[in-house]
Each structure stands twice: as structure tokens, then as C-alpha cells.
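Chain residues, written in single-letter form:
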Protein chains: 2
Amino acid sequence: MNIGYIQMAPRFGHVEENVAKVRLMMDDTTADLLVLPELFNTGYFFKDFKEVAELAEKIPDGFTCRELAKSAKEWRCYIVAGILEEADGMYYNSAVLIGEEGYIDHYRKIHLFDDEKTYFAPGDKPLKVYDIKKAKIGIMICFDWIFPEVTRSLALMGAQVICHPSNLVLPYCPKIMPSRCFDSKVFAVTANRVGKDVRQGETLSFIGQSQIVDPEGRIIKRAGADNESIDVIFINPKDADKKTVSKNDLWADRRPEFYSPLTMDAEALAALKPVDAQTNLSVDKYDII
Amino acid sequence: MNIGYIQMAPRFGHVEENVAKVRLMMDDTTADLLVLPELFNTGYFFKDFKEVAELAEKIPDGFTCRELAKSAKEWRCYIVAGILEEADGMYYNSAVLIGEEGYIDHYRKIHLFDDEKTYFAPGDKPLKVYDIKKAKIGIMICFDWIFPEVTRSLALMGAQVICHPSNLVLPYCPKIMPSRCFDSKVFAVTANRVGKDVRQGETLSFIGQSQIVDPEGRIIKRAGADNESIDVIFINPKDADKKTVSKNDLWADRRPEFYSPLTMDAEALAALKPVDAQTNLSVDKYDII
């Protein structure tokens, strides 16, 4: 199976141009699965609600989805792409999954970064795993990566390849994703953008370095920091099915009855009290000291 | 606050010698918290049940605990140390927490590695966080590290420093722990052993490289691969309280309602079915293609 990413620099607000560029980059691709950056069609650095509203589109009936569906059909390829979504007057930082026969589903980013909270509603759709025949895939968007619960949940649900449309501005993700993949024995395709969004005198720079990591935590493909590129690599998704280290089965050996803090909310966690080392003593047992 | 580890090579089965060595290494220590390796008093490579039974001791009444309590009192130090425990005819790979006034509590390894399953019962005590006045600490043992749920749970429960007695034979842990600490903004002290256990013609080699990682994921102290050492470093445990990246609060921004797979057991996870990309289509919406 061939998987890949497109790393590109969208021009802010020029949806038709950005989509056309990506469709051109996709020409003749041998990829079975291609991941595009977050908000690849609009750019990232919104400055007011009005432009969010103007640039957002319906999924799946909007321009970008329909155009991507043409490429997916033409090149017989699954595409995961970040799109600004409008639905019922709400705006979401979404990623659509499109196959050669059309739109399949979409995900809405559940962990919004920084000023995204001003413009986007937090995702309200569950993390899902999709069987696209050659592989089982999961989707997360950019900052979702920093919460280890996300890749772990997707892998536990059966994902072999995590598709990760991104607009990274901080340097951490490319360094940490290998450990996510090692932990859960899963592939990850982080498709980042490059270039800058310069808006009203403010600049946001994106770090590129799109990458594909294998289940051993090795970076098997990485793009440059500032050039556009499409990179495709052959993998065997079944390499993600061996959840073993030495004689241990990392899935069967989990002890979820001990992991309850992971699904507690902030309030419940704050209510947990540490054991007081002073009041928990059994000093009387040490008559020797 | 001064935290540190002792990296040493136990001689298999020579409990008195190993404990005496560690007490000597601890002499004059300025550490407020010192982490010792897993099974530091007995060695690791058991070959039959009989020797497990002979070397195991009661906690807190056994020899090792009582000896460590003397050092803890003398040097006014908390100690976290790996000990082979016998309790009600069961044997546990345990870690004891001892303060200057004596035994406080102990933890039993919940994720047993490799042949440990032959000899030890899986841990049955919950992950806990202890307030030792200068810091809040959590305890995990060796292979527990590979399950990201453990450090994450301890950090979510309020741990500022994770104490990690280890007997590492594989190369992964020192490389992955920085990402665990980065993710959860927590310190970790991995105290590994060095040397070999040669038993009945078989050899097990340990990788050393004990280390202390800070909440930014930086290795701020690391021991060699084969020398014994005690290393102590000054830290501010409050550095673990800033759970932020950019404008995001990594604790408040969690969406635990989406993380339910994390606390599912293997059977429940296996029953989850991926979305079939073929039957989930909305092809009719794309009359253009």
C-alpha cells in the first residue's frame, strides 16, 4: 500500500487557487492514501469572524470536497484533507475522508489550539476508525497530537495508519510523534503546511517537516522545512498489527482497571487528594530506629 | 529540592551485600528523594520459584526495608526502592516508599515483563500519588513505562515527580521517557541497574543510562551505560505544575468524553468495528462525478 502526504503553502483566502494547486500536485499519484494539511484550502490565520464565515463551506457539498472527489476518483486514492466547515451556523476545523467513490465521513478537531477557540466550535464527533480496504485508518487534526490519549485511542480502536492533517507552528510534534507510534505500534502521516500567513501586519510561520512514522517509531519519510512536496512511500499496514515487545502483548497486557484517571474530567481530577506521607506512616513497626 | 538516583550492579542473591553497597553509596547524600533500581537487593534473573521464595521478604518488616529506613532517617531522605515482596504466599515485584520516619507505602508492578509473569503476581494496588512535603510523587516500575497510560495517570493525579525503579534490558525507555514527561509536564527519575545477571549459563545485560527528565522533556541528568553512580540534581517540583503549551491548558483542554477506549479491556476493544468505507458512502451527493 502506498501512503503519502502533500506539503504545501496555501495562499490565505484563495480557496480555488489552493485546491487547484493540490489537485495539480496530486496528478499521476500512485498513492492509495494521501493526507493533506489542516485548512489546506483556506489558510490558517483568520483575523475576524466574517472571513471565517466567508471561507467556510458545507461538507460534503462544498467546492473543496467536490474538487477533491474528482482527484480521488481519477487517481483511485483515498484523501484526508483539512477543511474549514460550516454547519448549522457553527464553524469547525474539520478533516474530510474522501474515496474514489466520493465523500465518506469527516472529523471535527476536538482539541483547538490557541486562538482557534475564538473562531471554531470544538469537535463533537467521536474518534473513529475507517476500513478503507487496504488499511484501517484514524483521523486527528494538528494539536490533537499533543494529547497522547488521541493516537492511543485510535490505535486501540484498530487504526493501522493515523492521518494527521496539520498546520504546525511549534517545533514539538515531529519529535514526539515517533514515540506515539512506538507506543501503539501504528503508522502516522503528519501532513504539515509550509510558508507564512501574513495578516494585518502579523505573521504566522509554519514548520513543514511533514513526516511518516512507522510502528517502531522510525521516521521513514520527512519533508523539508519550507518546500512544497508530495511524498509517497510503500508500507505494509499489517506491520501495525504486531502489538508486541519481547514476549509481551502490549494490548493484552494493558490493565485498564488502573487507568481511570484518563477518562476523568478536570474537576474530578482536581478532587483527587494525594496520600499524605506524614499521616500514612507505620513508624511503630521500626523499633530499631 | 534535590532528587537523584542510584545506579548500581546488584550481585544476584546477595541481599546483604547489595543493601550494604547502596547504603554506602548513599552516605552523606544531600538528596531529598532518591530512587533505587528495581529488585536492587536481590538481582533480577530468577531461574526457579524456590529462589524467588528464598529471596523475597515481607514489606515493611523485612531486612531491606529496615536497613533502608536507617539511611532514610540518617540522611533525612525519601527513598523509592525496588524489592521482591512476599505477601500471603504470593510474590510481587514491588517498590517501597520510605521516609525519614519509616515505611510509608509500597506499589506492586502492574505490567510484568517477559518471564516475570512466571514468578510474580501482577500488581493489585492502585497507582497513587504521595505528598512528601517538598513534592508530590508517583511510583511505577520498569516495564510500566511502556504503557503511556501509567505516567499519564500519575501526572493527572497530581504527581510532580515520577519515581521509576528499573532493570532495563531493552534500549527504548531512555529514548521515550522524554516524550512522556513533555506530554504531561512532569519530572521522571528512572533508576536503572548496570552489569549482568549470569545464571545457569544464561546472561541478562542491563543498559544503565539512569536518567532524570524535566517537564519540558529534557534529559537533565544521565548516568553511563555500565558504571555505578549516585547522581543528585536540584529541581523545582513546581515546574511540573504549569500544564501549558502556548495559550492552551493541557489539563483543562482534555476531552475525556472522547477517550473511552483507554479504559476498555482487550475484549471490549476487539468488539469495536471500524466504519466500512464502502457502505458509508454518500455517493449520490456527487452527481458531478
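Throughout, a residue's number is its position along its own chain's written sequence, starting from 1. Chains carry letters from A onward and ligands carry numbers from 1 onward, assigned in written order. Per-residue local features of the predicted model are confined to residues with pLDDT of at least 70, and side-chain atom pairs are confined, for both listing and counting, to 80 or more; whole-chain, interface and lining totals are unaffected and use all residues. Hydrogens are left out, water is left out, and the side-chain values use all remaining heavy atoms of the structure.

**Remarks on the pairing of strand 14 (residues 229–234) of chain B**
Residues and elements named next belong to chain B. Basically, it comes down to this: Throughout, exposure labels follow a simple rule: accessible area from a 1.4 Å probe, protein chains only, divided by the maximum for the residue type, with under 20% read as buried, over 50% as exposed, and the rest as partly exposed. Strands here are runs of E lasting at least two residues and helices are runs of H or I lasting at least four, both read from the DSSP assignment and numbered beginning at the N terminus. Two strands qualify as a pair provided DSSP detects at least 2 bridges between them.
Burial along strand 14 is one-sided: the face carrying Ser229, Asp231 and Ile233 is buried and the face carrying Ile230, Val232 and Phe234 is not. Across six bridges, the pairing between strand 1 (residues 2–7) and strand 14 is antiparallel. By the bridge assignment for strand 14, Ile6 is matched with Ile230.

**Remarks on the packing of aromatic side chains**
The cut-off we apply is this: Only Phe, Tyr and Trp rings take part, Trp by its six-membered ring, and two of them pair if their centres are within 6.5 Å. Stacked means planes under 30 degrees apart, edge-to-face means over 60, and tilted covers everything else.
Applying the stated rule across the entire model yields 20 aromatic pairs over all chains. Judged by centre distance (6.0 Å) and plane angle (85 degrees), the ring pair of Phe46 of chain A and Phe120 of chain A falls under edge-to-face. In this pair, Phe46 of chain A is assigned in the loop between strand 2 (33–35) and helix 2 (49–55) and Phe120 of chain A in the loop between helix 4 (116–119) and strand 6 (129–131), connecting sequence segments 74 residues apart. Relative accessible area serves as the criterion here: at 4%, Phe46 of chain A is assigned to the buried category. When the centroid spacing of 6.2 Å and the interplanar angle of 10 degrees are considered together, the rings of Phe182 of chain A and Trp145 of chain B count as stacked. Here Trp145 of chain B lies in the loop between strand 7 (136–139) and helix 5 (148–156) and Phe182 of chain A lies in helix 6 (residues 173–184), a pairing that spans two chains. Residue Trp145 of chain B is classed as buried on the basis of its relative accessible area, which comes to 4%. An aromatic cluster of three or more residues is present, and its members are Phe12, Phe46, Phe49, Tyr91, Tyr119 and Phe120 of chain A.

**Here's the deal with the confidence of the model for chain A**
Basically, it comes down to this: Confidence scores here are pLDDT values: one per residue, from the predictor, ranging 0 to 100. We call two residues in contact whenever any of their non-hydrogen atoms come within 4.5 Å of each other.
Within chain A, residue pLDDT values average 95, and 96% of them lie at 70 or more. Note that pLDDT drops below 50 for residues 282–289 of chain A; the model gives that stretch 17 contacts with residues more than four away or on any other chain.

**Some remarks on empty space enclosed by the protein**
What counts here: Only protein atoms enter the calculation, which uses a 1 Å grid: trapped sets of points that fit a 1.4 Å probe without letting it out are cavities, open sets showing protein on both sides within 12 Å along at least five of seven lines are pockets, and any residue with an atom within 4 Å of a point is a lining residue. Grid points are joined across faces, edges and corners, and a volume is the space filled by probe spheres set on the points. Ten residue types, Ala, Val, Leu, Ile, Met, Phe, Trp, Tyr, Cys and Pro, are classed as nonpolar, four, Asp, Glu, Lys and Arg, as charged, and the remainder, Gly among them, as polar.
If you walk through the whole model with that rule in mind, you get six cavities of 30 Å³ or more. Reported here for the largest cavity is a volume of approximately 140 Å³. Every residue lining the largest cavity is counted, 15 residues in all, and those nearest its centre are Phe113, Phe143, Leu168, Val169 and Leu170 of chain A. Around the second largest cavity, the lining is made up of 14 residues, and of these Phe113, Phe143, Leu168, Val169 and Leu170 of chain B lie nearest the centre. Classifying every residue of the lining of the second largest cavity by side-chain character gives 12 nonpolar, one polar and one charged.

**Side note on unusual backbone geometry**
Going from Ile59 of chain A to Pro60 of chain A, the amide bond is cis rather than trans, its omega being 10 degrees. Examined against the element boundaries, Pro60 of chain A turns out to sit in the loop between helix 2 and helix 3 (63–74). A positive phi angle, close to 50 degrees, is found at Asp88 of chain B, a residue other than glycine. Mapped onto the secondary structure, Asp88 of chain B falls in the loop between strand 3 (78–87) and strand 4 (90–99). Residue Asp88 of chain B is classed as exposed on the basis of its relative accessible area, which comes to 76%.

**Some details on the nonpolar core**
Using the following cut-off: Within this scheme, the nonpolar core is defined by two criteria: the residues are buried Ala, Val, Leu, Ile, Met, Phe, Trp, Tyr or Cys, and they are joined through side-chain atoms within 4.5 Å.
Of all hydrophobic cores here, the largest spans 198 residues; its most connected members are Leu68 of chain A together with Leu68 of chain B. Not counting chain neighbours up to four residues away, the residues in contact with Leu68 of chain B comprise Val22, Met26, Leu36, Phe40, Ile79, Ala81, Ile83, Val96 and Ile98 of chain B.

**Some words on the interface of chain B and chain A**
The parts lose accessible area when they come together, and the size of an interface is often stated as this lost area. Which entries qualify depends on this criterion: Accessible area that two parts lose when put together, evaluated with a 1.4 Å probe and summed over both, is termed the buried area. Salt bridges are defined as contacts in which a side-chain nitrogen from Lys or Arg sits within 4 Å of a carboxyl oxygen from Asp or Glu. Definition of a polar contact: a pair of N or O atoms within 3.5 Å, with one able to donate and the other able to accept a hydrogen when the atoms are protein atoms, and with sequence-neighbouring residues admitted only if both atoms are side-chain atoms.
Contacts between the two partners involve 85 residues from chain B and, on the opposite side, 85 residues from chain A. In total, about 7,700 Å² of surface goes out of reach between chain B and chain A, with carbon and sulfur atoms giving 62% of it. On the surface where chain B and chain A come into contact, there are 12 salt bridges. With a closest N to O distance of 2.8 Å, Arg152 of chain B and Glu149 of chain A form a salt bridge. For the interface between chain B and chain A, the tally reads 33 residue pairs in polar contact (both at pLDDT 80 or more). Elements with a contribution of two residues or more to the side of chain B that touches chain A: helix 3 (63–74), strand 5 (102–108), strand 6 (129–131), helix 5, helix 6 (173–184), helix 7 (266–270) and strand 17 (275–276) of chain B. In the side of chain B that touches chain A, the residues fall into 46 nonpolar, 12 polar and 27 charged.

**Looking at the domain arrangement of chain A**
Let me state the cut-off plainly: Just so you know, the domain bounds were taken from an automatic or database domain assignment.
Domain assignment breaks chain A into domain 1 (2–242) and domain 2 (255–289). One C-alpha centre belongs to domain 1 of chain A, the other to domain 2 of chain A, and the line joining them spans 40 Å.

**What to know about the pattern of salt bridges**
Close approach of charged atoms allows side chains of opposite charge to pair. All chains considered together, the criterion is met by 55 salt bridges over all chains. The closest approach of N and O atoms between Lys109 of chain B and Glu116 of chain B, which form a salt bridge, is 2.9 Å. Looking at Lys109 of chain B, the relative accessible area reads 0%, which means it is buried. Connected through salt bridges with shared partners, the residues Arg23, Glu67, Lys70 and Glu74 of chain A form a single ionic network.

**Brief notes about the relation of the copies chain B and chain A**
Stated formally: Copy-to-copy alignment: least squares on C-alpha atoms, limited to residues at pLDDT 70 or above in both.
Superposition record for chain B on chain A: RMSD 0.0 Å, screw rotation 180 degrees, translation along axis 0.0 Å. The two molecules are tied by a two-fold rotation axis, judged by turn and shift. Comparing interface residues between copies, 100% of those in chain B also sit at the interface in chain A, which points to an isologous, same-surface contact.

**Some words on helix 1 (residues 15–25) of chain B**
Residues and elements named next belong to chain B. Short version of the rule: Each C-beta atom gives one direction from the helix axis, and the arc is the one those directions make.
For helix 1, every residue scored as buried is listed here: Val15, Asn18, Val19, Val22, Arg23 and Met25. Each buried residue of helix 1 lies within a common arc of 160 degrees when the element is viewed along its axis, so the set occupies one face. Facing away from the buried surface of helix 1 by more than 90 degrees, the exposed residues are Glu16 and Leu24.

**Description of the sheet that holds strand 1 of chain B**
Residue and element names in this part refer to chain B. Threshold: Angles here are taken between N-to-C directions and fall from 0 to 180 degrees, while the axes themselves are lines fitted to C-alpha atoms, restricted in helices to the stretch in contact.
Strand order in this open sheet of six strands is 5-4-3-2-1-14, and the pairing throughout is mixed. In the strand order of this sheet, the two ends are held by strand 5 and strand 14, each with one partner. Across the sheet, the mean angle separating the axes of adjacent strands is 30 degrees when strand polarity is ignored.

**Here's the deal with the sheet that holds strand 8 (residues 161–165) of chain A**
In sheet architecture, strand pairing relies on hydrogen bonds along the backbone and comes in two forms, parallel and antiparallel. With respect to topology, seven strands assemble into an open sheet ordered 13(A)-12(A)-9(A)-8(A)-7(A)-6(A)-17(B), the strand pairing being mixed. Lying at the two open borders of the sheet, with one neighbouring strand each, are strand 13 (219–222) of chain A together with strand 17 of chain B. Inspection of the sheet shows strand 8 of chain A paired to strand 9 (residues 187–191) of chain A by five bridges, in the parallel sense. Each residue of the ladder has a partner; that of Val161 of chain A, found in strand 9 of chain A, is Phe187 of chain A. Its contacts with the sheet place helix 6 of chain A against strand 8, strand 9, strand 12 (211–213) and strand 13 of chain A, and it is angled at close to 20 degrees to strand 12 of chain A.

**Topic: the state of the cysteines**
Residues and elements named next belong to chain A. Note the cut-off: Any cysteine sulfur atom paired with another within 2.5 Å is treated as part of a disulfide.
In total, this model carries zero disulfides over all chains according to the counting rule given. With no disulfide of its own, Cys163 lies 10 Å from the sulfur of Cys77, the closest cysteine sulfur. Using a relative accessible area of 0% as the deciding quantity, one classes Cys163 as buried.

**A look at helix 5 (residues 148–156) of chain A**
Residue and element names in this part refer to chain A. Within helix 5, nine of the nine residues are buried, which leaves it mostly tucked inside the rest of the structure. Listed as buried for helix 5 are Pro148, Glu149, Val150, Thr151, Arg152, Ser153, Leu154, Ala155 and Leu156. After helix 5 finishes, the residue Gly158 shows a positive phi value of roughly 115 degrees.

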